[in-house]
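This is what each chain is made of:
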Amino acid sequence: MSLLRLLTALLGLAPTLLLAATLRCDNRLISTGDSIHEVLTKCGEPVSRDLLGYRERRDDWGFHHELVVEEWVYGPRNGMYYFLRFEDNRLVDIDSRRVQ
């Protein structure tokens, strides 16, 4: 019976997880997978842009590639800051935190 409760709880979180992968900029929507150019066009220049470093990735043929990892910050918007993480010029994560 506890497995059924766990599955029900996870299914209840599914819409929340989907919302975490998008951000509204005025009347435009950005989501994970968007390019840096798309985000700049829809949201404008961020408050800050930080180079976090590089991440190594191996492709299907065994070759290693270094991916640039950046974090952009937008806000505050209604007391929230939005942190966008890019890898290889693609949006991979959107996080938000309330200003204290």
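Reference entry: report on the structure contained in this document.

About the criteria used
All residue numbers refer to position in the chain's written sequence, counted from 1. Local features in a predicted model are, by the rule used here, given only for residues with pLDDT of at least 70; side-chain atom pairs are given and counted only at 80 or more, and totals for whole chains, interfaces and linings are based on all residues. Side-chain numbers come from the whole structure's heavy atoms, not from hydrogens or water. For the purposes of this analysis, a disulfide is any pair of cysteine sulfur atoms at a distance within 2.5 Å. Counting from the N terminus, the helices are the DSSP runs of H or I reaching at least four residues and the strands are the DSSP runs of E reaching at least two. Only protein chains enter the calculation, and the probe is 1.4 Å; a residue is then buried if its accessible area is under 20% of its type maximum, exposed if over 50%, and partly exposed in between. Only buried residues count toward a nonpolar core, which is a set of Ala, Val, Leu, Ile, Met, Phe, Trp, Tyr and Cys residues joined through side-chain atoms within 4.5 Å. Every residue pair with non-hydrogen atoms within 4.5 Å of one another is taken to be in contact.

A closer look at the state of the cysteines
Within the structure shown, the criterion is met by one disulfide. Residue pairing for Cys25: its cysteine sulfur links by disulfide to Cys43, the two sulfurs lying 1.8 Å apart. The chirality of the disulfide connecting Cys25 with Cys43 is right-handed, given an S-S dihedral of about 80°. With Cys25 in strand β1 (residues 22-25) and Cys43 in helix α2 (residues 36-43), this pair connects stretches of sequence that are 18 residues apart. The pair formed by Cys25 and Cys43 is uniform in burial state, with each residue classed as buried.

Notes on the nonpolar core
Formed by 14 residues in total, the largest nonpolar core has its most connected members in Val39 and Leu84. Those elements that place two or more of their residues in this core are β1, α2, β4 (64-77), β5 (80-87) and β6 (90-98). Top contributing element to this core by residue count: β5, with four residues. Here Leu84 is in contact with Leu23, Ile30, Val39, Glu70, Glu71, Trp72, Tyr74, Leu91, Asp93 and Ile94, once residues within four sequence places are set aside.

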